[in-house]
Amino acid sequence: MVSMNDGERTARFNRLAVEYSRYYKGKIRTLPSVPINSLKDFSYWYTPGVAEVSMEIKRNPEESFNLTGRWNSVGIVTDGTRVLGIGNVGPEAAMPVMEGKAMLFNLLGGVNAIPLPLRVSDRDHFISVVKALEPSFGGFNLEDIESPKCFYVLKELQEKLTIPAWHDDQLGTACIILAGLINSMRITGRKPQDTTVALVGSGAANIAAAHLLIESGFEPRNIIMVDSKGILDKERDDLDSLMFSNPWKYELALMTNGENRKGTMENAIKGTDIIVSAAKAEPGTIKNEWIGEMNKDAIVFALANPLPEIWPQDALDNGAKIVATGRGDFPNQINNSLVFPGVFRGMLDARSRGVNFRIMVKAAQEIANFVGAPQPDRIVPSMEDWELYPQVASTVARASVDEGLARKPDSREGYLKTAREIISANRTMIEKSMDLGFIRKLPEVRE
Amino acid sequence: MKESSGSVRKAREGDIDQFMSMIFRMKKLNGEFDPLFRTREGDDAPIRDYYLKCINDHEHFITLVAVKKDRIMGLVKAEIRERISYEPSRELRIIDLYIMPEFRRKNVGNMLLSAIYGEMKKLGIKIITAEFPSLNLIALNFYEKIGYRQITSVYGKNIEEDSD
């Protein structure tokens, strides 16, 4: 019954999405940010005066962050090879998703995000195109790129660029997973160094999550990775092959699973404190009885969308203390949108040169702390906690200073004020645009 | 890099089961680099016999294992080759070098090579070479990092396949 209602609801949303997209023809647009009262204003916004602005930047390219909108611009880049749950649909078909992401960037973080689906031939072509686009942006958000290509692309871009490169499917998801786990461990009285974790699914999110958990204090030996072939153990036949095809997963195979457990997902889950599953979107992927074999007060993150690997109530009935999913209709939604707007607001405000796992751990701690007194059904904030984004932004910006990555150092209070003002002014502009009808009301759609 | 406690010794007949399991893993990986390295299916006995011969024939082969208690961490098997036209007249060619994944990055490869250099000195052999699939860039980096350089190239084809 649950899945039928869910299916009907999904079908309705799908229909509305197409109808509305046909009506609005795009979810974002660019607007001037300077006053234009008469033609004479063009003398400084455009020719002849603008040439001197160009010369200033030619003399010092870093001035592009001060004299143009670069400081607040983010490119959302994808090759469309792994779009949501629909797979390799190509760059054109990725655009609606990238526009949606740009809208969230703008609404929640006050960021001017530009969707850039790229028609590229291979991973090195992707990297060279993004590198070529660097002068226009203060940061790049990589999106919906297939694994393991996404690891290579992110690593190369982080090395080659002088602005942050972030892959939300890896870093954003890992960050909110860690935030949720921090509060889950507070509730259940656990310490990272003594806690055992089974990471079910070894794609972009969980590989990044493993690294972030280790950075935050989890012992690599206490982490067990599971993929479609079972537990990632050091004697697995495909390990040598992974060394070449997916060195990121190979690294974790060498570092994790201190007991060298072998076999099925069930063996990985037995006697562990935490499961973080980003695997098959099918309830029953994690069997109810396996939860009973976990340690007391088990923590279960079943993050597959649209259907979790185990229904939350089934996990709770079988001994889980805390359950999180990727869905908004259950408590504890593990949602990247709680992360990337604040993280980018902070990186942009600091004019950051990059981002790393230490900054991400601080962002995750800030998100966890924001909840205040966490409860089993409230381990992460809600997307409507508007104050979250400037708080995360100021933490990230300050962490960038501490890491020596900030071009524009400021105090945490200074960054907080800046982020609040930008986000608030932007939201007001959106609200006014709706009030005045410049953003049209939703059309009537026949149900 | 963490050091791995353990020692290197000559391979023995009793090592053969662990030894073969490692050889199969390595040859299977080679098969992923080039179809000319596709591994044989079926009876493993001739392969096992060959490696037993290598272990026992100290005149033509040096076969060492790095061990920790009763576990073989890694192995190296090298052939002593005549160089009829060149000086010096003998070289040692590493054919198989494999470290089990759980013992990687723990200096086991260097332990094995140090031991093999020791054996070479005893035999008066001064030149060592190593062969591996061209696309195995990890092996390439490993050898280059410790001072080896490319001195020959081997090209191959299957003459029953089209070659326009």
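Structural data are supplied above this passage.
Residues numbered from 1 in each chain as written. Chains lettered and ligands numbered in written order. Predicted model: local features only at pLDDT ≥ 70, side-chain atom pairs only at ≥ 80, totals over all residues.

1. Points about the overall build of chain A
(1) Moving on: Each helix and strand in chain A was counted, giving 18 helices and 10 strands.
(2) Moving on: Scaling as 2.2 N^0.38, a compact globule of 447 residues should have a C-alpha radius of gyration of about 22 Å, and chain A matches this with 23 Å.
(3) Moving on: Summarising its shape, the C-alpha atoms of chain A cover approximately 75 × 55 × 45 Å along the three principal directions.
(4) Moving on: With 447 residues in all, chain A has 46% of them scored as buried.
(5) Moving on: Sequence separation of at least 24 residues holds for 72% of the intrachain contacts in chain A that already meet a minimum separation of 6. (Helix = DSSP H or I, 4+ residues; strand = E, 2+ residues; numbered from the N terminus. Rg over C-alpha atoms; globule rule 2.2 N^0.38 Å. Buried ≥ 20, exposed ≤ 12 C-beta atoms within 10 Å, placed from the backbone. Contact = placed C-beta atoms within 7 Å.)

2. Some details on the sheet that holds strand 9 (residues 298-302) of chain A
By way of backbone hydrogen bonds, the strands of a sheet pair with one another, either parallel or antiparallel.
All names here are of chain A.
(1) Moving on: A sheet is described by the order of its strands in space; here six strands give the open sequence 7-6-5-8-9-10, paired in mixed fashion. Strands at the two margins of the open sheet, each flanked by one partner only, are strand 7 (230-231) and strand 10 (320-325).
(2) Moving on: Running at roughly 160 degrees to strand 9, helix 8 (residues 168-188) makes contact with strand 8 (274-277), strand 9 and strand 10 of the sheet. (Pairing = 2+ DSSP bridges. Axes fitted to C-alpha atoms, helices over the stretch in contact; angles between N-to-C directions.)

3. Overview of unusual backbone geometry
(1) Moving on: Along the chain, Thr-47 of chain A connects to Pro-48 of chain A via a cis peptide bond; the corresponding omega equals 0 degrees.
(2) Moving on: In this structure, Pro-48 of chain A sits in the loop between helix 2 (42-45) and helix 3 (50-59).
(3) Moving on: Residue Pro-88 of chain B is bonded to the preceding Glu-87 of chain B through a cis peptide linkage, with omega at -15 degrees.
(4) Moving on: Note on placement: Pro-88 of chain B falls in the loop between strand 3 (71-82) and strand 4 (90-99).
(5) Moving on: The residue Lys-25 of chain A is not glycine, and still its phi comes out positive at about 55 degrees.
(6) Moving on: With respect to the secondary-structure elements, Lys-25 of chain A resides in the loop between helix 1 (2-24) and helix 2.

4. Quick notes on the interface of chain B and chain A
(1) Moving on: Each partner contributes to the interface: chain B provides eight residues, whereas chain A provides eight residues.
(2) Moving on: Across the side of chain B that touches chain A, the residue classes tally to three nonpolar, no polar and five charged. (Nonpolar A, V, L, I, M, F, W, Y, C, P; charged D, E, K, R; others polar.)

5. Here's the deal with the pairing of strand 1 (residues 73-78) of chain A
Residues and elements named next belong to chain A.
(1) Moving on: Among the six residues in strand 1, five count as buried, and that is most of the element.
(2) Moving on: In the classification by handedness, the crossover that spans strand 1, the intervening helix 5 (residues 90-109) and the parallel strand 2 (residues 112-117) is right-handed.
(3) Moving on: Bridge analysis of strand 1 against strand 3 (residues 139-142) gives four bridges, and the strand direction is parallel. Across the sheet, Ile-76 pairs through a bridge with Asn-141, a residue of strand 3. (Right-handed = clockwise from strand over helix to strand, strands pointing away.)

6. Looking at the packing of helix 8 of chain A against helix 16 (residues 357-370) of chain A
All names here are of chain A.
(1) Moving on: Axis separation between helix 8 and helix 16 bottoms out at 8 Å; the angle between their running directions is 50 degrees. One element, helix 8, and the other, helix 16, form an angle in the oblique class. Crossing angle aside, the handedness with which helix 8 passes helix 16 is right-handed. Counted together, Leu-171, Cys-175, Ile-176, Leu-178, Ala-179, Ile-182 and Asn-183 of helix 8 and Met-360, Val-361, Ala-363, Ala-364, Gln-365, Ile-367 and Ala-368 of helix 16 form the full contact between these two elements. (Parallel < 35°, antiparallel > 145°, perpendicular 65-115°, else oblique. Left-handed = near helix turned anticlockwise from the far one by under 90°.)

7. So, the packing of helix 8 of chain A against helix 9 (residues 204-215) of chain A
Between two packed helices, both the angle of their axes relative to each other and the distance between the axes serve to describe the pair.
All names here are of chain A.
(1) Moving on: Closest axis-to-axis distance for the helix 8/helix 9 pair is 8 Å, and the angle between their directions is 55 degrees. Here helix 8 lies oblique to helix 9, going by the angle between them. Taken as a pair, helix 8 and helix 9 cross one another with a handedness that is right-handed. Contacts between helix 8 and helix 9 pair Asp-169, Gln-170, Leu-171, Thr-173, Ala-174, Cys-175, Ile-177 and Leu-178 from the former with Ala-204, Ala-205, Ala-208, Ala-209, Leu-212 and Leu-213 from the latter.
(2) Moving on: Taken together, the residues that form the contact of helix 8 with helix 9 break down as 11 nonpolar, two polar and one charged.

8. What about the nonpolar core?
(1) Moving on: Within the largest apolar cluster, 125 residues are counted, with the highest numbers of intra-cluster contacts made by Cys-175, Leu-178, Val-300 and Ile-367 of chain A.
(2) Moving on: The biggest single contributor to this core is helix 8 of chain A, with 10 residues.
(3) Moving on: Grouped together as the second largest cluster of nonpolar side chains are 29 residues, Cys-54, Ile-62, Ala-66 and Tyr-98 of chain B included. (Core = buried A, V, L, I, M, F, W, Y, C linked by C-beta atoms within 7 Å.)

9. What to know about the sheet that holds strand 1 of chain A
Residues and elements named next belong to chain A.
(1) Moving on: Pairing within the open sheet is parallel, and its four strands lie in the order 2-1-3-4. Edge positions in the sheet fall to strand 2 and strand 4 (165-167), since each has one partner strand and no second. Direction aside, the axes of adjacent strands within the sheet are offset by 25 degrees on average.
(2) Moving on: Helix-sheet contacts for helix 8 involve strand 3 and strand 4, and the interaxial angle to strand 4 is about 75 degrees.

10. Here we look at helix 6 (residues 123-133) of chain A
Turn by turn, an α-helix covers 3.6 residues, leaving residues three or four places apart pointing in a common direction.
All names here are of chain A.
(1) Moving on: Residues Phe-126, Ile-127 and Val-130 constitute the buried set of helix 6. Projected down its long axis, helix 6 carries its buried residues within an arc of 95 degrees, all on one side. Seen from the buried face of helix 6, the exposed residues on the opposite side, beyond 90 degrees, are Asp-124 and Ala-132. (Arc of directions from axis to C-beta.)

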